[in-house]
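# Coordinate inspection notes
If you want the building blocks of each chain, they are given just below.
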Amino acid sequence: MTLAQFSRLDRRWVFLAMLLAVAVPMLARLRFPESPSSRIRDVFYAIEKLPAGSRVLIALDYDPASEGELGPMSAAFVRHCCEKRLKMYFITLWDRGPPIIAKQTQLIRREYPQFRYGEDYVDFGFRAGERGVIKNVMSNLRADISGDYLGTSLEELPLTKNLKSFAEMDLLICVGSGSPGPQEWIQYAAAQYDLPMLCGSPGVQAPQLYPYLPKPLVGILAAIKGAAEYEQQLLLGYPQLREREDAQEGLRRMGPQLVAHVLVVLLIAAGNFAFWAERRQRPRAAGTATSTGAEAGTA
Amino acid sequence: MKSTTALWTFLFVAGLLALVARGVVTGAGSRYVRAVEVKSAAGEVQWTRYESVPPKALGEPGVTVSRPRTLGLWISALLTLATFSLLYGDNIWFKLAQSLVVGVAAGFAVVTGFWTMIVPNLFAKLAPDAARNTFVPGLEPGTSSDWWSLIPLLLCAMMLWRLSPRGGWISRWPLAFFIGLTAGLQLVSIFKADFVDQISGTMLPLVVLKDSGIDVWKSIRNVLIVGSVLSVLVYFLFSVEHKGLVGRVARLGIGVLMITFGASFGMTVMGRISLLAARLQFLFDDWLWMIDPLGTRTVL
């Protein structure tokens, strides 16, 4: 293939290469070892240091479009809270969020059948009002919420009977992919009420959240890499999870990630090389044309 | 019909028929459910709930193929392929999938907004008894009407006045109210998290001491943080000409910004690949049964 042909390469070949780069490792079950970084260990120990029975607010502010990236980290957070016997309060500010919460409550029912709804976890479902909801529930829960997602009164649920506001939580976890999401929970809840907060974020949003570390944000899981490292840390801390394949979703996804990233790096290098080589050829051609023109003018 | 369109339509239909035949013969692409009876405290069966179960549970009591969920699986798989087809070129299947997503999302948002916003926050507050007897049975008895809720109702009506051919200016008043309210709320909240905390987070010791001397790595990290912030601020200082020392620091600021954008690009690529991997896993695992990472059945 000549340089000119390479420069005019139909981009659909790139798409096909990317498809194969992701599909083949998946079909071949390619996996690589992960080692948790210090940032991931901060997330792990923020939950680990909580005594059993502590209250954790889990805001899942994303929709099925981000499930592929954020689903594994939500599941890992929930498993960790269950292993620590923490009390979980689920809420979403996205109208397409309730199925996301349902997936996590199904996980609790399936893997931790000893957990009871209303006593160990409660689902407030979708709450409309974006920032206004956060503002309200942090100061007075009953100003915005009168019952759980099914309409059961707060007074009838042991977990919420004596709860006045979400400011009484011991930890806030937000897994979110936009607005309202982690940034709003940081601005209206964590920073205002000095509430320790962890968040899970898609790769595209993570750089905007890093400036909030280490205060008011205690830790962040960024993209599927963050989820995979956190899962690895969970496996180290709770070896019984090694037998559960569904507790290693992020780790499985890192095989295709690595191959696809190598492909992207190669494509960037090849593209830059082609650009550089073309630019080297261009002045010579231009120079030749100029000298020929000058000679013709002289003649 | 163009010959290429006919060819692609033929290939699409043939592929679909082959997949249906494979599904019928092997069971791939089927969803299974178990019927679970939900009983009251008195032990009476209130209703039956259908829980998804893995294919290997087939044969256990109460486990059957769920036709609606199987159909849903096939529709989502075909819509996934239709969406991917844009990468080859714009076509009617992609447009169909795109329109369906937009339409379903809009409809879902309207219905969810009505039942979670209008009903509990307006209807239940203005007429609690009527709400308890109809849509909100969990509402506490003895709740009295909250007439303050008439104000948001009035604001909503004023907002919708924009649709009227006369008096469109009325909608500007609720809009002004919402903008003022949001600005006030944002100012207070953002000031703490995005201003005060950011400044205090940058006030770091450039030399970090520990028991046995200087903590070199932490010192380097702090110098990098403080230096990067200052150099980027200098880059955005347009009232001074970027020449000499200021110019060199501003160029350093550009470098820091480039590194940030590069990290952002890398993270975005990672995110997009994750989404692609998730869709492919759905196709290979749930639909085609080509892989079985969770050990829920035999791989075909």
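What you see is a predicted model, and the numbers here were worked out from it, not measured in a lab.

### What to know about the overall build of chain B
The helix and strand tally for chain B stands at eight helices and five strands. Reading the secondary structure of chain B in the N-to-C direction produces α-β-β-β-α-α-α-α-α-β-β-α-α. Taken over the C-alpha trace, chain B has a radius of gyration of 30 Å; the compact-globule value for 300 residues is 19 Å, which it surpasses by more than 25%. In terms of overall dimensions, chain B has a C-alpha envelope of 75 × 60 × 60 Å along the principal axes. Counting every position in chain B, which comprises 300 residues, the buried fraction comes to 8%. Sequence-distant contacts in chain B: of pairs separated by 6 or more residues, those separated by 24 or more amount to 31%.

### Concerning the interface of chain B and chain A
Each side of the interface is counted separately: chain B has 44 residues, and chain A has 45 residues. Those elements that provide at least two residues to the side of chain B that touches chain A are helix 3 (92–126), helix 6 (172–202) and helix 8 (244–287) of chain B. It is helix 8 of chain B that contributes the most residues to the side of chain B that touches chain A, 18 residues altogether. Class assignment for the residues of the side of chain B that touches chain A results in 25 nonpolar, 14 polar and five charged.

### Description of the domain arrangement of chain B
Note: interface size is frequently given as the accessible area lost on complex formation between the parts. You can read the domains of chain B as domain 1 (55–141), domain 2 (146–203) and domain 3 (206–292). Between domain 1 of chain B and domain 2 of chain B, the C-alpha centre-to-centre distance is 30 Å.

### Some details on the nonpolar core
With 85 residues, the main nonpolar core has A:L57, A:I58, A:L172, A:I173, A:W185 and A:M197 as its most contacted residues. Looking at this core element by element, the count peaks at seven residues for helix 4 (residues 67–83) of chain A.

### Concerning the packing of helix 4 of chain A against helix 9 (residues 223–237) of chain A
For any two helices packed against each other, the geometry is given by the interaxial angle and the distance between the axes. Residue and element names in this part refer to chain A. Close contact between helix 4 and helix 9 brings their axes to 8 Å; oriented N to C, the two are set at 25°. Taken together, the axis directions place helix 4 and helix 9 in an arrangement best described as roughly parallel. Considering the relative orientation of helix 4 and helix 9, their crossing is left-handed. Facing E69, P72, M73, A76, R79 and H80 of helix 4, the residues of helix 9 in contact are A223, I224, G226, A227, Y230, E231 and L234. Tallied by class, residues from the contact of helix 4 with helix 9 come to eight nonpolar, two polar and three charged.

### Some remarks on the environment of B:S189
Its place among the elements puts B:S189 in helix 6. Taking the number of C-beta atoms within 10 Å as the measure of exposure, B:S189 has 20 and is therefore buried. Setting aside chain neighbours within four positions, we find B:S189 in contact with A:Q187, A:Y188 and A:Q192.

### A closer look at the domain arrangement of chain A
For chain A, the domain assignment lists domain 1 (3–27 + 258–298) and domain 2 (38–243). Domain 1 of chain A and domain 2 of chain A are separated by 46 Å when their C-alpha centres are compared.

### Concerning the packing of helix 6 (residues 131–139) of chain A against helix 7 (residues 182–193) of chain A
Residues and elements named next belong to chain A. Where helix 6 meets helix 7, the axes come as close as 9 Å, and the angle between the chain directions of the two elements is 20°. It follows from the interaxial angle that helix 6 and helix 7 lie roughly parallel. In this structure, the crossing between helix 6 and helix 7 has a hand that is right-handed. Together, R131, I134, K135 and M138 of helix 6 and E184, W185, Y188, A189, Q192 and Y193 of helix 7 make up the contact between the two elements. Considering only residue class, the contact of helix 6 with helix 7 consists of six nonpolar, one polar and three charged.

### Observations concerning unusual backbone geometry
All names here are of chain A. Residue S179 is joined to P180 through a cis peptide bond whose omega torsion reads 0°. Relative to the helices and strands, P180 is located in the loop between strand 4 (171–176) and helix 7. Backbone torsion omega between L213 and P214 reads -5°, so that peptide bond is classified as cis. Within the secondary structure, P214 sits in the loop between helix 8 (206–209) and strand 6 (217–222). Even without being glycine, E130 reaches a positive phi, approximately 45°. Secondary-structure assignment places E130 in the loop between strand 3 (121–126) and helix 6.

About the criteria used
- Residues numbered from 1 in each chain as written.
- Chains lettered and ligands numbered in written order.
- Predicted model: local features only at pLDDT ≥ 70, side-chain atom pairs only at ≥ 80, totals over all residues.
- Helix = DSSP H or I, 4+ residues; strand = E, 2+ residues; numbered from the N terminus.
- Rg over C-alpha atoms; globule rule 2.2 N^0.38 Å.
- Buried ≥ 20, exposed ≤ 12 C-beta atoms within 10 Å, placed from the backbone.
- Contact = placed C-beta atoms within 7 Å.
- Nonpolar A, V, L, I, M, F, W, Y, C, P; charged D, E, K, R; others polar.
- Domains from an automatic or database assignment.
- Core = buried A, V, L, I, M, F, W, Y, C linked by C-beta atoms within 7 Å.
- Axes fitted to C-alpha atoms, helices over the stretch in contact; angles between N-to-C directions.
- Parallel < 35°, antiparallel > 145°, perpendicular 65-115°, else oblique.
- Left-handed = near helix turned anticlockwise from the far one by under 90°.

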